[in-house]
Amino acid sequence: MTVNLLGLDQEGLRGFCAGLGEKPFRARQLLRWIHHAGVDDFSAMTDMSRPLRERLAESASIAAPRVLRDTTAADGTRKWLLDVGTGNAIETVFIPETHRGTLCISSQAGCALACTFCSTGHQGFNRNLTVEEIIGQLWLASRALRSRDALAPGFRTAQSAVACLGRGVTEERPISNVVMMGMGEPLANFENVVAAMRLMLDDSAYGLSRRRVTLSTVGLVPGIDRLGEACPVALAVSLHAPNDALRDELVPINRKYPIRELLAACLRYLSKAPRDFVTFEYVMLSGVNDSVGQARELAALVSGVPCKINLIPFNSFPGVDYQRSSPEAIARFRDVLMQAGLVATVRKTRGDDIAAACGQLAGRVQDRTRRASVRQQELSQ
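Residues numbered from 1 in each chain as written. Predicted model: local features only at pLDDT ≥ 70, side-chain atom pairs only at ≥ 80, totals over all residues. Heavy atoms only, no water.

Caption draft 1: Looking closely at the nonpolar core. Ranked by size, the top nonpolar core spans 108 residues in total, and within it L5, L30, M197, M200, L227, F280 and I309 carry the most contacts. With nine residues, helix α7 (residues 190-201) is the single largest residue contributor to this core. (Core = buried A, V, L, I, M, F, W, Y, C linked by side-chain atoms within 4.5 Å. Buried < 20%, exposed > 50% of the residue type's maximum accessible area, 1.4 Å probe, protein only. Helix = DSSP H or I, 4+ residues; strand = E, 2+ residues; numbered from the N terminus.)

Caption draft 2: Layout of the packing of helix α8 (residues 221-230) against helix α10 (residues 259-270). Between α8 and α10, whose axes approach to 9 Å, the crossing angle comes to 0°. Relative to α10, the element α8 is oriented roughly parallel. Mapping the contact onto sequence places V221, I224, D225, L227 and G228 in α8 and E261, L262, A265, R268 and Y269 in α10. Split by residue class, the contact of α8 with α10 holds six nonpolar, one polar and three charged. (Axes fitted to C-alpha atoms, helices over the stretch in contact; angles between N-to-C directions. Parallel < 35°, antiparallel > 145°, perpendicular 65-115°, else oblique. Contact = heavy atoms within 4.5 Å. Nonpolar A, V, L, I, M, F, W, Y, C, P; charged D, E, K, R; others polar.)

Caption draft 3: Layout of the pattern of salt bridges. For the coordinates displayed, the defined rule picks out 14 salt bridges. A salt bridge links R66 to D83; the nearest nitrogen and oxygen atoms lie 3.0 Å apart. Taken as a pair, R66 in strand β3 (residues 66-72) and D83 in strand β4 (residues 78-85) lie far apart in primary sequence, 17 residues in all. A residue is classified by how much of its surface remains accessible, and R66, at 52% relative accessible area, is exposed. Overall, the relative accessible area of 22% leaves D83 in the partly exposed class. A salt bridge links E281 to R347; its shortest N-O distance comes to 3.6 Å. Taken together, the positions of E281 in strand β12 (residues 278-284) and R347 in the loop between β14 (343-346) and α13 (371-380) put the pair 66 residues apart, joining distant regions of the chain. Owing to a relative accessible area of 4%, E281 belongs among the buried residues under this scheme. (Salt bridge = Lys/Arg side-chain N within 4 Å of Asp/Glu carboxyl O.)

Caption draft 4: Seen up close, the state of the cysteines. If you walk through the whole model with that rule in mind, you get zero disulfides. With no disulfide of its own, C118 lies closest to C115 among cysteine sulfurs, the gap being 6.3 Å. (Disulfide = S-S within 2.5 Å.)

Caption draft 5: Layout of the packing of helix α5 (residues 131-144) against α7. α7 packs onto α5 with a crossing angle of 35° between their chain directions and a minimal axis gap of 8 Å. The hand of the α5/α7 crossing is right-handed. Two secondary-structure elements touch here, α5 through V131, I134, I135 and L138 and α7 through N192, V193, A195, A196, L199 and M200. A class-by-class count of the residues in the contact of α5 with α7 yields nine nonpolar, one polar and no charged. (Left-handed = near helix turned anticlockwise from the far one by under 90°.)

Caption draft 6: Seen up close, the packing of aromatic side chains. Summed over all chains, the structure comprises three aromatic pairs. When the ring of Y282 is compared with that of F333, the centres are 5.1 Å apart and the planes differ by 35°; the resulting orientation is tilted. Pair noted here: Y282 is in strand β12 and F333 is in helix α12 (residues 327-339), with a separation of 51 residues, a long-range link. Like Y282, the residue F333 is buried in the burial classification. One aromatic cluster is present, built from ring pairs that chain together F314, F317 and Y322. Looking at R226, its charged tip hangs above the ring of F190, at a distance of 3.9 Å from the centre. (Phe/Tyr/Trp six-rings, centres within 6.5 Å; stacked < 30°, edge-to-face > 60°. Lys NZ or Arg CZ within 6 Å of the ring centre and 35° of its normal.)

Caption draft 7: Summary view of unusual backbone geometry. We note that A114 has phi near 60°; this positive angle belongs to a residue other than glycine. Considering the arrangement of structural elements, one finds A114 in the loop between β7 (108-110) and α4 (119-122). If you check the backbone angles, H240 has positive phi at about 70° while not being a glycine. By the element assignment, H240 lies in the loop between β11 (234-238) and α9 (244-250).

Caption draft 8: Main features of the environment of H35. Tracing the sequence through the fold places H35 in helix α2 (residues 25-36). Taking relative accessible area as the criterion, H35 reaches 2% and is therefore assigned buried. Sequence-wise, H35 and L138 are 103 residues apart; in three dimensions their C-alpha atoms are separated by 8.9 Å. Not counting chain neighbours up to four residues away, the residues in contact with H35 comprise L6, I135, W139, R146, L199, A205 and Y206. Side chain to side chain, H35 and Y206 meet in a polar contact 2.9 Å long. (Polar contact = N/O pair within 3.5 Å; in protein donor to acceptor, adjacent residues only side chain to side chain.)

Shown next as structure tokens:
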């Protein structure tokens, strides 16, 4: 049985190479060929001896999840549906901008946390993704996006190319930022997600800075504390409500880790984080959490936490009754926050014509929780 090298970080590759009787420096060579160069053919690794390349071909593989569907939206957003076996498929999204290319990566097949406004949560949960399935999304997207035609128009002029170099974007390296915001709760798959993020940060692999890798969580407090010790990156927290009563309805895990405990964990995390603020994500649901009074309540709630608030217009999906807040309501809400001295932005909706926008990722999940079937029964009653 061969070993999929996409699942091994530098330490793991050292151990693998030692088993072949090779010196530790081979691990760095393999990392650069696999992740930096995107090579999956051992015979192309020309700075290694032919006998070693032959042994690698016999004992190892470099295999990302298989692409089932590759779709590009009118605004250039690109979504891949990837086969992860046993009838499950996940989604990965690339969002091109003039000076930045962001890849949204999934960590689970489905999600067990059941946030009521999230399409993934409505699909139920099957399993955690492996390291090779998580990092394989970045490996695959990096290869697919290297052609000039795959990049946003702003990359294509000489002037913008020079400007992008300082921001980590080039035509050869179009992904400058990674967000663990796809399907699943990253902190519920802690070990595999951290191992994958370490590969993202490794200079011999993708060389991303900690500021350019963001993990988004609904608020698993013990996981936030563990992440601060193990691999602190930029942190985004799905808040979505200004009080526990409403958040209990929208984000059920709040019943276990209420807002006060969550905000305390955020403060602890900031002592180790690469950024001096936490991003609070807040989906705007008409008539649910978007009033001026709730904006004032939110401003008071987070006043003691260095933060940026990202207001997300709700993106609808089948089987949900929520409606997106009007542009006027979102603007009023933002203005209240800004008048209170907070940094508040409104996320631009991208890729909604191919269901690639925030909250719309669904993939294909063989639900082990039976949540999806229970919902269908409820809707038919």
